[in-house]
Amino acid sequence: MTYNVVTFGCQMNERDSETLAGMLEELGYEYEENFKKADVCILNTCSVRENADKHFFGVLGQLKNPHENHPGRIVAVCGCMMQQQHIIDTLKAKYPWVDLVFGTHNIAEFPRLFKNVRDEHQKLVDVWEDAAPIAEGLPQKRTYPFKSYVSIMQGCNNFCTYCIVPYTRGRERSRNPEDIISEIKCLVANGCKEITLLGQNVNSYGKAKSVEGTYNADEGGVDFAALLRKIDKIEGLERLRFMTSHPKDISDDLIACFGELKTLCKQIHLPVQSGSDEILKKMNRHYDRAWYFDKIDKLRASCPDIAISTDIIVGFPGETEEDFEGTLDLVRRVRYDSAFTFIYSIRKGTPAEKMEDQVPEDVKHERFNRLVDTIHEIQEEKSKQYQDKVLKVLVEGPSKTNKDVLTGRTESNMTVDFVGPENLIGTIADIKIIKAQTFSLYGELV
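Keep in mind that what you see is a predicted model, and the values were worked out from it rather than measured.

1. Quick notes on the overall build of the protein
Then, number 1: Counting secondary structure elements, the protein contains 13 helices and 19 strands.
Then, number 2: A compact globule built from 446 residues would reach a C-alpha radius of gyration of about 22 Å, and the protein, at 22 Å, matches this within 12%.
Then, number 3: Projecting the C-alpha coordinates of the protein onto the three principal axes gives extents of approximately 60 × 55 × 50 Å.
Then, number 4: Residue pairs at least 24 apart in sequence account for 73% of intrachain contacts in the protein once pairs closer than 6 positions are excluded.
Then, number 5: Accessible surface computed for the protein: about 19900 Å², of which carbon and sulfur atoms make up 48%.
Then, number 6: Of note, the protein has its 57 positive side-chain charges centred 1 Å away from the centre of its 69 negative side-chain charges.

Pasting the structure below:
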């Protein structure tokens, strides 16, 4: 019997999918690359962007006929979309081939739910409304042996007005530092070289008290900066990253880590979302331009070579041309190494859904294009700084666009393609950059 897990959205979902895959393999199922042929297909959904919703329903529609011609097949859907009742109602009404629906809070219950559906031949919806402490010791099938995601916390307490995550992932819950350290030590002992710590807002690790049983760092406990320092001491670990980092919670102690820790990569993702103080206030982001610039200045003082990436939303309700020009100005002043740009889309159930002054679609797209052009111009200039330099690259495997070359990532998270032997996969190689382009680098093995 075979399985496939289709993942939509963020790295948190990718990490959850590794757990689901591990659970199925413990039950005796084997991975099938083609999700349409698998005996069990799980779709792990995302609600952050409208396109993710549309993509999910498109993929789910492809499973209708194969399900009819595949006796005993089980189709399960989970993730953030399932925490919204209107989505569950749509599935019941229009997608009768879905056998199991569960949410973000009860992934640990999946083996029991799955057995009920499989053995009792029943359809089941089991979505918990409230978050529980993070379950430890769950099985997992890691995507790569040499780099891994490690979730240190789940949920979010920020309630940005455009974001559905606090409603689908629940309140913040932090794992015990001992459990995190133990997991990383085990990964490193099995050949993992790079760890990426995950959380909706890693800067607030250990601060929340909202869920009984969650770790809290009060009275001298381990906060996020202290956690990084503990991980940095793990023998054999070569690279450490984290995401995502909320600007309002980034501490001076955390900033100092970039200049002090040997494993912490000189790279940070610090979403700004807008360069307008008025829009930031409407977004409920709890900082302004001056605060953000101050954090950028401190980061570059601590680590002059640090690469900074961001998220930016264009066309938030009420955004004027002046507000947008403020975003362009901020981008030009910060000079990001890369940026993820999004056109605002209404998320049902968020405060921004009911805001007046929704920006017309044509205006959103025109502004989006101007923003992208500005970012790409800066990226091209920043990329040229790598020309003729020798960089250390974690080799990840064959390039997706050209199987004859290998691809990997620098410490600054730039993609590098080069020709080399496959036995370099999983190692950190010295690569001289011979061609620096806007979005990627081309090099040769030293």
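So much for the structure itself; the text now carries on.
2. Examining the pairing of strand β1 (residues 2–7)
Then, number 1: With respect to burial, β1 is a largely interior element, 5 of its 6 residues being buried.
Then, number 2: One ladder, built from 2 bridges, connects β1 with strand β2 (residues 30–31); its direction is parallel. In the strand pairing of β2, tyrosine 3 is matched with tyrosine 31.
Then, number 3: With respect to chirality, the unit in which β1 leads through helix α1 (residues 11–26) into the neighbouring parallel β2 is right-handed.

3. Here we look at the sheet that holds strand β13 (residues 307–314)
Sheet strands associate in pairs through backbone hydrogen bonding, adopting either a parallel or an antiparallel arrangement.
Then, number 1: The sheet built from 3 strands is open, its strands ordered β12-β13-β14 with parallel pairing. Each edge of the sheet is formed by a strand with only one pairing partner; in this case those strands are β12 (267–269) and β14 (338–343). Averaged over all adjacent pairs, the angle separating strand axes in this sheet is 10°, with direction ignored.
Then, number 2: Bridge count between β12 and β13: 3 bridges; the pairing is parallel. Paired with histidine 269 across the bridge in β13 is serine 309.

Definitions and limits used
Residues numbered from 1 in each chain as written. Predicted model: local features only at pLDDT ≥ 70, side-chain atom pairs only at ≥ 80, totals over all residues. Heavy atoms only, no water. Helix = DSSP H or I, 4+ residues; strand = E, 2+ residues; numbered from the N terminus. Rg over C-alpha atoms; globule rule 2.2 N^0.38 Å. Contact = heavy atoms within 4.5 Å. Areas by Shrake-Rupley, 256 points an atom, 1.4 Å probe, with all protein chains shown as cover. Lys, Arg positive; Asp, Glu negative; His and termini not counted. Charge placed at Lys NZ, Arg CZ, Asp CG, Glu CD. Buried < 20%, exposed > 50% of the residue type's maximum accessible area, 1.4 Å probe, protein only. Pairing = 2+ DSSP bridges. Right-handed = clockwise from strand over helix to strand, strands pointing away. Axes fitted to C-alpha atoms, helices over the stretch in contact; angles between N-to-C directions.

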